[in-house]
Amino acid sequence: MENHRMKPFQIVLLLAGITFTTAAFAQGTKSTPATTSAPAAQQSSEVPLTIAGAVDHEITVVEKEVLEAAEAMPEDKYNFSPESLHLAGSDYKGVRTFGEQVKHIAASNYLIWSGVTGEKAPDTANEGKGPEAMKSKAEIVKFLKESFAFGHKTVATLTPASSVEPVGKNKRPKLFLATFAIAHAFDHYGQMVEYLRMNGIVPPASRPKSD
């Protein structure tokens, strides 16, 4: 599987969607009289009416799917890659193993989200590869969980003003970095799904919902 990057047009659409959603919720709040507001239980299930809250909600969505997929793969399959199947006409030589996919998501989470606050990414990010010596499923899943916790903490600092502040040598808005990490995680989640399917495992998100 190729290692993809989001195209600029896709990123613009993602940013526009989040901005539109946040604005729409805010507009609805302004136009609704206080006497007809929704019950507290209903309000709590909606996306928070702030930029930080909206982005944090999206992190929660991708975090759940990625973590469930990581948990679903047996440990003895963490070193699986499609290259081992020797599929005719395929070109899987040198692609990441399942475990390397998970470590890449976690390491990239640190690298991308650290730019929002300007702090240095931990050495464990290792240029997006994660720790070379980290092999066990338990260690890798823990690394993944910690990277998402870092993301939640980071995007909580976003405000309407700071969201458009340019950061880094490429002068990207902080909101771009905050949402690009989500898009990147979803990209590799799609590859994790294929790895699960190749091993006869139905991804948790695709399983029938129990009543």
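Before reading on, note that the structure itself is shown above.
Residues numbered from 1 in each chain as written. Predicted model: local features only at pLDDT ≥ 70, side-chain atom pairs only at ≥ 80, totals over all residues. Heavy atoms only, no water.

Asks: Which parts of the structure should I look at to understand the overall build of the chain?
Replies: Within the chain one finds six helices and two strands. Counting from the amino terminus, the chain carries its helices and strands in the arrangement α-α-α-α-α-β-β-α. Counting the 211 residues in the chain, one finds 40% classified as buried. Considering only residue pairs separated by 6 or more positions, the chain has 72% of its internal contacts joining residues 24 or more positions apart. If you sum the accessible surface of the chain, you get close to 12,000 Å²; carbon and sulfur atoms cover 58% of it. (Helix = DSSP H or I, 4+ residues; strand = E, 2+ residues; numbered from the N terminus. Buried < 20%, exposed > 50% of the residue type's maximum accessible area, 1.4 Å probe, protein only. Contact = heavy atoms within 4.5 Å. Areas by Shrake-Rupley, 256 points an atom, 1.4 Å probe, with all protein chains shown as cover.)

Asks: Got a minute to help me understand the nonpolar core in this structure?
Replies: Across soluble globular proteins, you tend to see nonpolar side chains buried next to one another. Residues Val 55, Val 66, Phe 98, Trp 113, Leu 144, Phe 148 and Met 192 are the most contacted members of the largest nonpolar core, which totals 47 residues. The element contributing the most residues to this core is helix H6 (residues 174–198), with 13 residues. (Core = buried A, V, L, I, M, F, W, Y, C linked by side-chain atoms within 4.5 Å.)

Asks: Would you mind going over unusual backbone geometry with me for this structure?
Replies: A positive phi is found at His 86, a non-glycine position, where the angle reads about 50 degrees. With respect to the helices and strands, the residue His 86 is situated in the loop between helix H3 (51–72) and helix H4 (98–117). Taking the relative accessible area as the measure of exposure, His 86 reaches 69% and is therefore exposed. Of note in the backbone geometry, Glu 127 takes a positive phi value of approximately 55 degrees without being a glycine. By secondary structure assignment, the location of Glu 127 is in the loop between H4 and helix H5 (137–155). The exposed category is assigned to Glu 127, whose relative accessible area is 70%.

Asks: When you look at the packing of H4 against H5 in this model, what are you seeing that I'm missing?
Replies: If you want to describe how two helices pack, look at the angle between their axes and the distance between the axes. Viewed as axis vectors pointing N to C, H4 and H5 meet at an angle of 20 degrees, and their least axial separation amounts to 9 Å. As judged from the angle between their axes, H4 and H5 are roughly parallel. In the packing of H4 onto H5, the handedness of the crossing is left-handed. Residues Gly 99, Val 102, Lys 103, Ile 105, Ala 106, Ala 107, Asn 109, Tyr 110, Trp 113, Ser 114, Val 116 and Thr 117 of H4 lie in contact with H5, whose contacting residues are Ile 140, Phe 143, Leu 144, Glu 146, Ser 147, Phe 148, Phe 150, Gly 151, Thr 154 and Val 155. Per-class residue counts for the contact of H4 with H5 are 13 nonpolar, seven polar and two charged. (Axes fitted to C-alpha atoms, helices over the stretch in contact; angles between N-to-C directions. Parallel < 35°, antiparallel > 145°, perpendicular 65-115°, else oblique. Left-handed = near helix turned anticlockwise from the far one by under 90°. Nonpolar A, V, L, I, M, F, W, Y, C, P; charged D, E, K, R; others polar.)

Asks: How do you make sense of H3 when you look at a structure like this?
Replies: Think of an α-helix as turning once every 3.6 residues; residues three or four places apart then point the same way. Here H3 is 22 residues long and its end C-alpha atoms lie 32 Å apart, about the 32 Å a rise of 1.5 Å per residue gives. All of the buried residues along H3 are Ala 52, Gly 53, Ala 54, Val 55, Ile 59, Val 62, Glu 63, Val 66, Leu 67, Ala 69 and Ala 70. (Expected span 1.5 Å × (residues − 1).)

Spatial relationships are all this shows, so hold off on functional conclusions.
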